[in-house]
Amino acid sequence: MKIKDYILKYWEKKTLKKWEYLYKANEKDTNLYFILKWSILLKINWTNIALVWDNEISGEKSFIEWTEKPIDALAETEVEYLVISPDKFNDISSREKELFLKKLILFISNRVYLLNSIVQNVSSISLNITNSKTTDFGNIKDIFKWVFELENIYVYKFIWDSIISIYDSKFNLDTVEITKKYRTNDNLFYNLWWWQYIIKSGDFCFILEWKNISSEYIMNNVILNSIASFSYLWWLLEKQKEEDSQWFLD
């Protein structure tokens with residue numbers, strides 16, 4: 001029996017509206033949560049630290065130790081989740097508790113490997129962008145090659161009510177309209193369709209089209225923790241565009 005089977009057997013199903021908190025730091029909440037869909041953003045002092053996607057567990061440390069949670073968990077979308085309290089857990093038979101805790105330990109252990117992969121990829125992306133000598137599409141693809149296989153990238157900059165194309169690996173006018181439509185979304189990045197992501201950084205907005213070669217958990221958290229690196233990449237692309245324009249004028 002998988003850990004989700006235990007969860008579905010004993011836990012209570014609930015929903016959460018967008019921008020509501022699943023739990024807040026330093027509040028008395030020792031519950032354990034399982035996200036069914038779609039995403040919870042974990043924050044410390046208003047700093048984004050991780051995304052908890054569907055089929056992920058949250059709050060395990062405080063559940064096991066009966067302590068307050070040290071972070072905030074904010075719904076980025078409408079969320080469906082399962083929850084169990086320590087009191088409810090105590091009503092389960094000793095045998096069922098033992099089996100569940102074994103599954104929980106294995107689940108958490110596997111997440112450690114995922115976190116190591118996230119850290120390595122975030123570091124690699126940062127170094128690759130910093131050491132980038134050219135901004136051709138092939139070089140940009142190599143920056144992300146361990147996370148996803150990049151097929152196209154579109155970068156835009158907003159100036160007042162105007163939108164300026166900074167970089168297009170493949171001309172696509174519809175992408176401009178999509179970018180305008182989703183400009184008001186408050187998320188730093190989000191899935192537009194299964195094959196497209198929109199990422200925002202300051203006045204810049206870009207769309208990635210890719211084939212995923214890693215887990216959703218790894219990809220989402222790599223992107224979340226690479227926003228500063230992306231900002232620098234957009235600056236490089238804009239600088240290259242300015243140099244190309246100057247060369248043309250000269």
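Only a predicted model underlies this, so the values are computations on that prediction, with no experimental measurement involved.

With that settled, the discussion passes to the pairing of strand 7 (residues 72-75). Put simply, side chains in a regular strand alternate between the two faces of the sheet. Where burial is concerned, the two faces of strand 7 agree: the one with Asp 72 and Leu 74 and the one with Ala 73 and Ala 75 are both buried. Of the strand pairs in this sheet, strand 2 (residues 21-23) and strand 7 are connected by two bridges, and their pairing is antiparallel. Counterpart to Tyr 21 in the pairing with strand 7 is Leu 74.

Spatially, the four strands line up as an open sheet ordered 2-7-4-5, and their pairing is antiparallel. Sheet topology places strand 2 and strand 5 (47-52) at the edges, where each strand pairs with a single neighbour. The average angle at which neighbouring strand axes cross in this sheet is 30°, direction not considered. As paired elements, strand 4 (residues 40-44) and strand 7 share four bridges and run antiparallel to each other. Across the sheet, Leu 42 pairs through a bridge with Ala 73, a residue of strand 7. Its contacts with the sheet put helix 7 (residues 216-224) on strand 4 and strand 5, and the angle it makes with strand 5 is roughly 170°.

Within the secondary structure layout, Asp 29 lies in the loop between strand 2 and strand 3 (32-37). For Asp 29 and Gly 59, which are 30 residues apart along the polypeptide, the C-alpha to C-alpha distance reads 8.8 Å. Residue contacts for Asp 29: discarding those within four places in its chain leaves Leu 22, Tyr 23, Ser 62, Thr 67 and Lys 69. Within polar-contact distance, the side chain of Asp 29 engages the backbone nitrogen of Asn 31 at 2.9 Å.

Here we take up the packing of aromatic side chains. Evaluation of the coordinates by the stated rule reveals 10 aromatic pairs. For the ring pair Phe 144 and Phe 148, a centre distance of 5.4 Å and an interplane angle of 20° mean the geometry is stacked. Taken individually, Phe 144 and Phe 148 each receive the classification buried, so the pair is uniform in this respect. Ring centres of Tyr 232 and Trp 235 lie 5.7 Å apart, and the angle between their planes is 20°; this geometry places the pair in the stacked category. With Tyr 232 and Trp 235 both in helix 8 (residues 227-249), this residue pair falls three residues apart, about one helical turn. An aromatic cluster of at least three residues, connected via ring pairs, comprises Phe 144, Phe 148, Trp 210, Phe 230 and Trp 234. Lying over the aromatic face of Tyr 21, Lys 24 brings its terminal NZ or CZ to 4.7 Å of the ring centre. We note Lys 69 situated over the ring of Tyr 23; from NZ or CZ to the ring centre the distance is 5.1 Å.

What follows concerns unusual backbone geometry. The residue after Lys 37, namely Trp 38, is reached through a cis peptide bond having omega -5°. One non-glycine residue, Asn 45, lies in positive phi territory at about 50°. As for its position among the elements, Asn 45 is in the loop between strand 4 and strand 5. With a phi close to 70°, Trp 46 is a non-glycine residue in the positive phi region. Here Trp 46 lies in the loop between strand 4 and strand 5.

This paragraph deals with the pattern of salt bridges. As enumerated under the stated definition, the model contains 10 salt bridges in all. With a shortest N-O distance of 3.2 Å, Lys 69 and Asp 29 are connected by a salt bridge. Of the two residues, Lys 69 is situated in the loop between helix 2 (60-65) and strand 7 and Asp 29 in the loop between strand 2 and strand 3; the sequence distance between them amounts to 40 residues. Take Lys 69 and Asp 29: they sit in the same class, and that class is buried. The partner of Lys 37 in a salt bridge is Glu 80, with the nearest N and O atoms 3.8 Å apart.

Turning our attention to the nonpolar core. Membership of the largest hydrophobic core comes to 36 residues, with the highest contact counts inside it found for Phe 144, Phe 148, Ile 153, Val 155, Leu 208, Trp 234 and Leu 237. Where this core is concerned, the elements lending two or more residues are helix 4 (94-130), helix 5 (137-143), strand 9 (148-159), strand 10 (162-168), strand 12 (196-201), strand 13 (204-212), helix 7 and helix 8.

The next subject is the packing of helix 4 against helix 7. Running from N to C, helix 4 and helix 7 cross one another at 40°; their axes reach a closest spacing of 9 Å. When the axes of helix 4 and helix 7 are compared, the pair comes out oblique. Note that helix 4 runs across helix 7; the crossing there is right-handed. Of the residues in helix 7, those touching helix 4 at Arg 111, Leu 114, Leu 115, Ser 117, Ile 118, Asn 121, Val 122 and Ile 125 are Tyr 217, Ile 218, Asn 221 and Val 222. Looking at side-chain class alone, the contact of helix 4 with helix 7 contains eight nonpolar, three polar and one charged residues.

Calculation notes
- Residues numbered from 1 in each chain as written.
- Predicted model: local features only at pLDDT ≥ 70, side-chain atom pairs only at ≥ 80, totals over all residues.
- Heavy atoms only, no water.
- Buried < 20%, exposed > 50% of the residue type's maximum accessible area, 1.4 Å probe, protein only.
- Helix = DSSP H or I, 4+ residues; strand = E, 2+ residues; numbered from the N terminus.
- Pairing = 2+ DSSP bridges.
- Axes fitted to C-alpha atoms, helices over the stretch in contact; angles between N-to-C directions.
- Contact = heavy atoms within 4.5 Å.
- Polar contact = N/O pair within 3.5 Å; in protein donor to acceptor, adjacent residues only side chain to side chain.
- Phe/Tyr/Trp six-rings, centres within 6.5 Å; stacked < 30°, edge-to-face > 60°.
- Lys NZ or Arg CZ within 6 Å of the ring centre and 35° of its normal.
- Salt bridge = Lys/Arg side-chain N within 4 Å of Asp/Glu carboxyl O.
- Core = buried A, V, L, I, M, F, W, Y, C linked by side-chain atoms within 4.5 Å.
- Parallel < 35°, antiparallel > 145°, perpendicular 65-115°, else oblique.
- Left-handed = near helix turned anticlockwise from the far one by under 90°.
- Nonpolar A, V, L, I, M, F, W, Y, C, P; charged D, E, K, R; others polar.

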